[in-house]
Amino acid sequence: MSVTIGVFDSGIGGLTVVREIKQLLPAQPLIYFGDTARTPYGTKSPETIIQYAREDTRFLLEHGAGILVIACHSAASTATSALRQEFSEPIFEVVTPSIEQALALTRRKIIGLIGTRATVTSGVYEKAIHSQVSDTKVYSQSCPLLVPLVEEGWLKARETRMIVKKYLRPLKNRQIDTLILGCTHYPLLKRIIREKMGKKVKIVDPSAEIARAVYSYLEAKDQLSEESHGREDRFLVSDLTPTTQEVVQRFLGRRVHLEKASMSSRG
């Protein structure tokens, strides 16, 4: 029996997760919710993030989602435990699969992480990695300018390349052998990041890792959709501006119909 995948993020960055999921599961029905009216979550208190994540989850379930994907790193690191206690549906998040992949790839146990200030400050990656392999060295670098550069579409600009190089320099100096992209925006800069880090450094893209995790789960449960049966994926946001469609197309690589979510049905 087919199941609908529900994905939520604090904004539109989680569409990189959607893009990877649809590459592996093109016929699987999907509904996306981006909380653009309240983005970013990373600057909020843990209590507020948990409340927002709870509301996002209820909203997706009310709209037919059978499994949930937390595409927001801040919500994943803060609210996953609370959501799993409250909801019985399967819940996937971006942190765990990327950590598992990084530990599988690293040869010298020297892992780097780039992310927003909120993600880096939370220390969630370091804690999780050290709980599994205690002698692994983890070096983190916050990259606050990368999200606005991606949303502005400066994916190949000289200025972007210079900023990426500057952010990555401390990690190169630490001689990391594996790098986790700890933000859903960063996969759009993967080519530049790989170029600046060098071929020897393995890049872990959480978007790709969580897509594989969802695929494996659905395959094991015999819930893969082989045909779409005319069903269209839905893309909802809590605030819709003239530039939202442009940014969404940049993330997905195609135009989609955006819907503004009814706030009354989200609480």
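Residues numbered from 1 in each chain as written. Predicted model: local features only at pLDDT ≥ 70, side-chain atom pairs only at ≥ 80, totals over all residues. Heavy atoms only, no water.

## With respect to helix α10 (residues 206-220)
An ideal rise of 1.5 Å per residue puts 21 Å on 15 residues; α10 measures up with 21 Å between its terminal C-alpha atoms. Of the positions making up α10, those classed as buried are P206, S207, A208, E209, I210, A211, V214 and L218. At the N-terminal end of α10, a side-chain oxygen is found 2.9 Å from the backbone nitrogen of S207, two or three residues along, and the residue is D205. A positive phi of about 55° marks D222, the residue just after α10. (Helix = DSSP H or I, 4+ residues; strand = E, 2+ residues; numbered from the N terminus. Expected span 1.5 Å × (residues − 1). Buried < 20%, exposed > 50% of the residue type's maximum accessible area, 1.4 Å probe, protein only. Polar contact = N/O pair within 3.5 Å; in protein donor to acceptor, adjacent residues only side chain to side chain.)

## Quick look at the confidence of the model for the protein chain
The share of residues in the protein chain with pLDDT of 70 or more is 97%, and the mean pLDDT across the chain is 91. Considering each helix and strand of the protein chain separately, the mean pLDDT is smallest for helix α5 (residues 117-122), with a value of 82, and largest for strand β3 (residues 67-70), with 98. (pLDDT = per-residue confidence, 0-100.)

## Some details on the nonpolar core
Counting residues in hydrophobic clusters, the biggest one holds 84 residues, and the most contacted among them are I5, L179 and I193. Of all the elements, helix α2 (residues 46-62) adds the most residues to this core, at 6 residues. What I193 contacts, discounting residues up to four positions off in sequence, is I114, V164, L168, L179, L181, Y186 and I203. (Core = buried A, V, L, I, M, F, W, Y, C linked by side-chain atoms within 4.5 Å. Contact = heavy atoms within 4.5 Å.)

## Topic: the pattern of salt bridges
Tallying each qualifying case throughout the model produces 13 salt bridges. Residues R234 and E259 are paired through a salt bridge, measuring 2.6 Å at the closest nitrogen-oxygen approach. With R234 in strand β9 (residues 234-237) and E259 in strand β10 (residues 258-260), this pair connects stretches of sequence that are 25 residues apart. The partly exposed category is assigned to R234, whose relative accessible area is 31%. Residue E246 pairs with R250 through a salt bridge whose shortest N-O separation is 3.0 Å. (Salt bridge = Lys/Arg side-chain N within 4 Å of Asp/Glu carboxyl O.)

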